[in-house]
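# Structure at a glance
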Amino acid sequence: MNVLNHKIDFTVILSVSKANPNGDPLNGNRPRQNYDGYGEISDVAIKRKIRNRLQDMGESIFVQSNDRRSDSYESLRDRAEGNEELKKLMKGKGMGDQFAQEACAAWMDVRSFGQVFAFKGEKSGVSIGVRGPVSIHTATSVAPIDITSMQITKSVNSESGKERGSDTMGMKHRVDHGVYVLNGSINTQLAEKTNFTKEDAEKLKQVLVSLFENDASSARPEGSMEVHKVYWWEHSSKLGQYSSAKVHRSVTVKPTTEEPKDFSDYEIHLATLEGLEPEILDGL
C-alpha cells in the first residue's frame, strides 16, 4: 500500500458573493463572525463539504448527511454494523486496533479526519477513537465582513382543506462580499496509522479545487461560493522542512482598496521558502 510518507500543507483562497457561507444557529443563523468582525467558516462545515464531494467522486463515506445519503442506513451505528467484519469485532473485547484498521479501510473520511465510534450495548457496545491525519482550520475572511439581513414571508398553506393562514415572517442573512483563507495539513505519522495513501491525498487535492460544486442551496446559490487558488506544499520528509504555521504564513492576501467589492480588489503574495515550492492550482 502506497501510504503517504511526506508531510503536506495546503491553503485555499475562496470568495463569497451574496451568500451565507456558514450560518450560526446560536445567532439566528447569521453568517459566522469573530469579535473583530471577520467572517468565519467552521472546520466542521468545511469537512462536510469535503465529504460530500468525495461522495460525488464515488468514495465510501461513513458520516453522511441525510439529504446526501447513498445507502439505506439511518444511523452511524447501523452503517458500522452493516460492515460484517466490524459487526463481529463490536461483540469482542480488546479489538480496538483491529476495529480502527477495518473502519479506516472501509471509509475514506475515517482514515482522513478520524472518527469516534461510541455505541452503547452490553454485547455490541464499542468506544474507540481514531485520530485522522488531515487537519482543517477554521476559514477566516481577509477583511471584516458586512452582513445584509432581509425579511422574508411565507404565504402558503401547509395542509389542504384549511383556510390560508396569515403570512409567516422570517429573516434571511447573507455576506455581500468576502474573501476567506482556509489552511490545512496532512500528518504523516497519523497517515501511517490510518493507512492514508498518496492516492487519498491526490483525491483531497481534487476536492479542494472543486469544493463548492454541487453544494447549492437557498443560502448559497449556484456560483456564490468560489475557490480561486489552492496552494499545495509537499515536503521532502515526514516532519517537513518547515512548520505548518510558517508555511501557511507564506501566503498573504490583502485588499488593495478600502472597500473591496470583488476578488480583483485583492493582492496575493507568496513568500519564498527555500527548498519548498507549492503547486498552485486554479479553482474549478
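These lines cover the structure that appears in this document, whether it is placed above or below. Note that the coordinates shown come from a computational prediction; the quantities given were computed from them, not determined experimentally. (Residues numbered from 1 in each chain as written. Predicted model: local features only at pLDDT ≥ 70, side-chain atom pairs only at ≥ 80, totals over all residues. Heavy atoms only, no water.)

## Points about the overall build of the chain
Of regular secondary structure, the chain possesses eight helices and 14 strands. Over its C-alpha atoms, taken along the principal directions, the chain stretches across nearly 70 × 55 × 30 Å. A burial count over the chain gives 46% of its 284 residues as buried. Within the chain, contacts between residues at least 6 apart in sequence are counted, and of these 69% link residues at least 24 apart. By element, 45% of the accessible surface of the chain is carried by carbon and sulfur atoms, the whole surface being about 15400 Å². Across the chain, the 37 positively charged side chains and the 41 negatively charged ones have centroids separated by 5 Å. (Helix = DSSP H or I, 4+ residues; strand = E, 2+ residues; numbered from the N terminus. Buried < 20%, exposed > 50% of the residue type's maximum accessible area, 1.4 Å probe, protein only. Contact = heavy atoms within 4.5 Å. Areas by Shrake-Rupley, 256 points an atom, 1.4 Å probe, with all protein chains shown as cover. Lys, Arg positive; Asp, Glu negative; His and termini not counted. Charge placed at Lys NZ, Arg CZ, Asp CG, Glu CD.)

## Re the nonpolar core
I50, I186 and W232 are the most contacted members of the largest nonpolar core, which totals 38 residues. Only β1 (8-19), α1 (43-56), α5 (108-113), β7 (134-136), β10 (168-186), α7 (198-209) and β11 (225-234) provide two or more residues apiece to this core. With six residues, the top contributor of residues to this core is β1. Counting 17 residues, the second-largest nonpolar core is a separate cluster that includes F99, A103, V110 and F117. (Core = buried A, V, L, I, M, F, W, Y, C linked by side-chain atoms within 4.5 Å.)

## Topic: the pairing of strand β4 (residues 38-41)
As a general feature of sheets, a regular strand has side chains that alternate between the two faces. Only one face of β4 is buried: it carries G39 and I41, and the other face, with Y38 and E40, is open. Note: β4 against strand β8 (residues 139-144), three bridges, orientation antiparallel. Residue pairing in the sheet places E40 in a bridge with T140 of β8. (Pairing = 2+ DSSP bridges.)

## A word on the packing of aromatic side chains
Inspection of every chain in the model, using the stated rule, returns six aromatic pairs. Geometrically, the ring pair formed by F117 and F119 is edge-to-face, given 6.4 Å between the ring centres and 80° between the ring planes. The residues F117 and F119 share a single accessibility class, namely buried. When the ring of Y231 is compared with that of W233, the centres are 6.2 Å apart and the planes differ by 20°; the resulting orientation is stacked. For the pair shown, Y231 and W233 are each scored as buried. One aromatic cluster is present, formed by F62, F99, W107, F117 and F119 through successive ring pairs. (Phe/Tyr/Trp six-rings, centres within 6.5 Å; stacked < 30°, edge-to-face > 60°.)

## Some remarks on helix α4 (residues 96-106)
The periodicity of an α-helix, 3.6 residues per turn, causes residues three or four positions apart to be oriented the same way. By the burial criterion, the buried members of α4 are F99, A100, A103 and C104. What you see down the axis of α4 is that its buried residues fit within an arc of 130°, all on one side. Along α4, the residues that are exposed and aim more than 90 degrees away from the buried face are D97 and A105. Looking at the packing, one finds that the buried side of α4 touches α3 (84-90), α5, β5 (114-119), β6 (126-131) and α6 (188-194). (Arc of directions from axis to C-beta.)

## Examining unusual backbone geometry
Although it is not a glycine, K18 sits at a positive phi angle of roughly 50°. Position of K18 relative to the elements: it lies in strand β1. At N29, a position not held by glycine, the phi torsion is positive, near 65°.

## Quick word on the side chain of H177
Its place among the elements puts H177 in strand β10. Within polar-contact distance, the side chain of H177 engages the backbone oxygen of K261 at 3.5 Å. Sequence-distant contacts of H177, defined by excluding residues within four places in its chain, comprise V16, I145, P260, K261, D262, F263 and Y266. (Polar contact = N/O pair within 3.5 Å; in protein donor to acceptor, adjacent residues only side chain to side chain.)

## Points about the side chain of S244
Turning to its location among the elements, S244 is positioned in helix α8 (residues 244-249). Looking at S244, its side chain comes within polar contact range of the side chain of K7, at 3.1 Å. A polar atom in the side chain of S244 sits 2.7 Å from the side chain of D9. S244 has contacts with K7, D9 and S185, leaving out every residue within four places of it along the chain.

## A short note on the pattern of salt bridges
Taken as a whole and assessed by the stated rule, the structure comprises 16 salt bridges. Here D71 makes a salt bridge to R79, at a shortest N to O gap of 2.9 Å. In this structure, E81 and R77 form a salt bridge, with 3.1 Å as the shortest nitrogen-oxygen distance. In this pair, E81 and R77 both sit in helix α2 (residues 76-81), four residues apart, roughly one turn of the helix. Exposure remark for E81: the relative accessible area of 22% places this residue in the partly exposed category. Sharing partners across several salt bridges, the network here consists of K49, D215 and R220. (Salt bridge = Lys/Arg side-chain N within 4 Å of Asp/Glu carboxyl O.)

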